Amino acid sequence: MIDEETLAQMNGKYVCPPDAGPAWRAAMEYGFDMSLIEASLKLTPEQRLAEHQQAIDFMIELQESGKAHGAK
Amino acid sequence: MAQNDQALLMRLKDSGLEFVVIGGLCVVYHGVPVATFDLDICCPFGEDNIRKIESAVKDLNPVHRLTANKLPLEQTRDSFKDLKNVYLQTDLGKLDCLSEVAGLGGYRQVFEQSILHRMSFGEFRMLNLDALIVAKTAAGRQKDLDAVRLLEAVKEKKTQRKDLF
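My aim in this report is to walk through the structure given alongside it, one point at a time. Note that this is a predicted model, so its numbers are computed, not measured. (Residues numbered from 1 in each chain as written. Chains lettered and ligands numbered in written order. Predicted model: local features only at pLDDT ≥ 70, side-chain atom pairs only at ≥ 80, totals over all residues.)

### Here's the deal with the sheet that holds strand β4 (residues 85-90) of chain B
Residues and elements named next belong to chain B. Read across the sheet, seven strands follow the order β3-β4-β5-β2-β1-β9-β8 without closing on themselves; strand pairing throughout is mixed. Of all strands in the sheet, those with a lone pairing partner are β3 (63-64) and β8 (114-119), marking the two edges. Where helix α2 (residues 23-30) meets the sheet, its contacts fall on β1 (20-22), β2 (39-42) and β9 (122-127), and the angle it forms with β1 comes to roughly 90 degrees. (Pairing = 2+ DSSP bridges. Helix = DSSP H or I, 4+ residues; strand = E, 2+ residues; numbered from the N terminus. Contact = placed C-beta atoms within 7 Å. Axes fitted to C-alpha atoms, helices over the stretch in contact; angles between N-to-C directions.)

So, in structure tokens, the structure goes:
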């Protein structure tokens, strides 16, 4: 049986780390997905840049595919 | 249109240009995963340095991307000495070269607030986290201020956790 809290997390509820400081909490309350920052901080700077490049490549491909199919 | 920042960085380095990476890529470098579609650098200006930029991208069909008729870089050599910024579109993506950064100052000030980072494709200078926060705050657009909120959170986390970079 899955408890309510786990179910909420499965549905996307972010659990703020207990050691989160005021800036972290403020960004979270502002609406940013801090799980993305946590994941990024687990990478080395070079890995972050490589992930960014992959994301940009994909977005450009999507954009060009959209143009080719007449998207405005 | 492609955006290959690594290839552009390597070409700039090979040209002998001194530069510091600023802007969105630097935000990513410090741990905030935003999407950025140009490479921003700060470098010393003057004719010699713009010629180095030109040599780095000359086979990439560089044009001044903000001019109405997309002037080819090579056709504007007479103006190199008068430029304070260069905004290029190349076959490897957008490359913006600035002589100064709002909130920080000119190249020398930017250089002094940069860190040298060794990556598998070379050593590059990146704006340090504190200076990036100052620059983004000074830039003041909504996307910059959003980045500042996240950079402040990253800074706080890195202060708590010395193992994070």
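### Some points on the interface of chain A and chain B
In this complex, chain A contributes 23 residues to the contact, which on the side of chain B involves 26 residues. When residues of the side of chain A that touches chain B are traced back to their parent elements, those giving at least two are α2 (22-30), α3 (34-41) and α4 (45-68) of chain A. It is α4 of chain A that contributes the most residues to the side of chain A that touches chain B, 10 residues altogether. A per-class count over the side of chain A that touches chain B returns 15 nonpolar, five polar and three charged. (Nonpolar A, V, L, I, M, F, W, Y, C, P; charged D, E, K, R; others polar.)

### Structural notes on unusual backbone geometry
Residue and element names in this part refer to chain B. The phi angle at Asn 61 is positive, at roughly 50 degrees, despite the residue not being glycine. Assignment of secondary structure puts Asn 61 in the loop between α3 (47-57) and β3. The residue Lys 70 is not glycine, and still its phi comes out positive at about 50 degrees. Inspection of the secondary structure puts Lys 70 in the loop between β3 and β4.

### Considering helix α6 (residues 142-160) of chain B
The end-to-end C-alpha distance of α6 of chain B, which contains 19 residues, comes to 28 Å, matching closely the 27 Å that a straight helix rising 1.5 Å per residue would cover. Within α6 of chain B the residues assigned to the buried category are Ala 147, Val 148, Leu 150, Leu 151, Ala 153, Val 154 and Lys 157 of chain B. In this fold, the buried residues of α6 of chain B make contact with α2 and α3 of chain A together with α2 and α5 (129-139) of chain B. (Expected span 1.5 Å × (residues − 1). Buried ≥ 20, exposed ≤ 12 C-beta atoms within 10 Å, placed from the backbone.)

### Considering the nonpolar core
All names here are of chain B. In this structure, Ile 22, Ile 41, Cys 42, Leu 127 and Leu 151 are the most contacted members of the largest nonpolar core, which totals 54 residues. With six residues, α6 is the largest single contributor of residues to this core. Those residues in contact with Leu 151, other than ones at most four positions away along the chain, are Val 27, His 30, Val 32, Leu 129, Leu 132, Ile 133 and Lys 136. (Core = buried A, V, L, I, M, F, W, Y, C linked by C-beta atoms within 7 Å.)

### Re the pairing of β8 of chain B
Residues and elements named next belong to chain B. As paired strands, β8 and β9 are joined by six bridges and run antiparallel to one another. The partner of Arg 118 across the bridge, within β9, is Glu 123. The turn linking β8 back onto β9 is made up of two residues.

### Remarks on the packing of α5 of chain B against α6 of chain B
All names here are of chain B. Where α5 contacts α6, the axes come no closer than 8 Å and their chain directions differ by 155 degrees. Put simply, α5 runs roughly antiparallel to α6. Considering how the two elements wind past one another, α5 and α6 form a crossing that is left-handed. Seen from α5, the contacting residues are Leu 129, Leu 132, Ile 133, Lys 136, Thr 137 and Ala 139; seen from α6, they are Asp 144, Ala 147, Val 148, Leu 151, Glu 152 and Lys 155. Its residues assigned to classes, the contact of α5 with α6 comprises seven nonpolar, one polar and four charged. (Parallel < 35°, antiparallel > 145°, perpendicular 65-115°, else oblique. Left-handed = near helix turned anticlockwise from the far one by under 90°.)

### Quick notes on the environment of Asp 91 of chain B
All names here are of chain B. By the element assignment, Asp 91 lies in the loop between β4 and β5 (93-98). According to the C-beta neighbour criterion, Asp 91 is partly exposed, with 13 such atoms within 10 Å. Here the alpha-carbon distance between Asp 91 and Leu 60, two residues 31 residues apart in the chain, equals 4.9 Å. In this structure Asp 91 touches Ala 2, Leu 60 and Asn 61, once residues within four positions along its chain are discounted.

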